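Commentary on secondary and tertiary structure
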Amino acid sequence: MIVLNKDAMQIVREQDVVLFRNRVREYSTKIGMSLVNQTKLITAASELVRNMLKYANGGKVLIEVISKNAQNGVRLTFTDEGPGIADIQQAMKDGFSTGKSLGLGLPGAKRLVNEFEIQSKPGEGTRVTITHWKNGR
Amino acid sequence: MERIPILKMGPFLLVTIQVDLYDRLALSLENDLINMVSRTGARGVLIDISAVSIVDSFMGRILGNIASMSRIMDAETVVVGMQPAVAITLVELGLTLQGVYTALDVEKGMVLLQDKIGFDQLQEQDEEEEPDDRTE
């Protein structure tokens, strides 16, 4: 796998969510991703960035354009230094939320993208990586 | 502060969302709409999201909230103009917008609202007529 392009963004305010979404749209348009796949990726990204703001008061996002087996994709890495997730299995279940939300964020985001990876240590933070390929497969 | 305009059209309120909503803007829309329903006695709320390219679970919850709150205030809510890509994404996300009426465009939404309200009014008339029958 090759990284073709890299861009980092700090997320600290609500308004950053809109800027970040636009940035992701820019990169996915650039590699020719279809509208449906763009929408899936950006919606997943929106869920994750919202989690980061809500539970960890913000964090960093790395946007990368990557290439594997002659196919391009966008990879997003969300890193925060928040309270972490004690039970990832539980957090990945539909309808589970420690906040007052619908509990769709993490499991929903996972369903929307091709690759999803989550690592978390209580007290240290959480890192989520999602990848979506140009053709959505 | 930025605000989303709410237009009054007869017994309905019309909202066209033209910008990407961030959280505070969405919450203030929810608040403004419910206050407006109470102030104007509107019977229906029409929300046009044809210019919205991303609906995530937060935004979906706001739409659901608006619908439930309006219903308690005796108004029906119809969400119109959803982009196909948004619909595909919402269902995969697991958000089916239960309890929210939807229509393809503003025109169809308007007809749906009129039907809903017309139906209600007919029922009310029926109820009013019943006691008359008994006295005869």
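The preceding data block contains the structure.
In this report, we go over the structure that sits alongside the text. Values in this document were obtained by computation on a predicted structure and should not be read as measured data.

**A look at the overall build of chain A**
Helices and strands together make up the secondary structure of chain A, namely four helices and five strands. Compactness check: chain A gives a C-alpha radius of gyration of 14 Å against a globular reference of 14 Å for 137 residues, within 12% of the reference. The principal-axis extent of the C-alpha atoms belonging to chain A is close to 40 × 25 × 25 Å. Relative to its full complement of 137 residues, chain A shows a buried share of 36%. Within chain A, counting contacts between residues at least 6 apart in sequence, those at least 24 apart form 65% of the total.

**Quick notes on the sheet that holds strand E3 (residues 44-48) of chain B**
Residues and elements named next belong to chain B. In space, the five strands of this open sheet follow the order E1-E2-E3-E4-E5, with mixed pairing throughout. The sheet is open, and its two edges are formed by strand E1 (6-9) and strand E5 (101-103), each paired on a single side. Here the average twist between neighbouring strands, direction ignored, is 25°. Strand direction decides the pairing type here: strand E4 (residues 76-80) and E5, joined by three bridges, are parallel. Bridge pairing links Val78 to Tyr101 in E5. Relative to E4, helix H2 (residues 57-72) is tilted by about 155°, and along the sheet it contacts E3 and E4.

**A word on the environment of Arg50 of chain A**
By the element assignment, Arg50 of chain A lies in helix H2 (residues 35-56). Along the chain, Arg50 of chain A and Met1 of chain A lie 49 residues apart, while their C-alpha atoms are 29 Å from each other.

Reading the values: the criteria
Residues numbered from 1 in each chain as written. Chains lettered and ligands numbered in written order. Predicted model: local features only at pLDDT ≥ 70, side-chain atom pairs only at ≥ 80, totals over all residues. Helix = DSSP H or I, 4+ residues; strand = E, 2+ residues; numbered from the N terminus. Rg over C-alpha atoms; globule rule 2.2 N^0.38 Å. Buried ≥ 20, exposed ≤ 12 C-beta atoms within 10 Å, placed from the backbone. Contact = placed C-beta atoms within 7 Å. Pairing = 2+ DSSP bridges. Axes fitted to C-alpha atoms, helices over the stretch in contact; angles between N-to-C directions.

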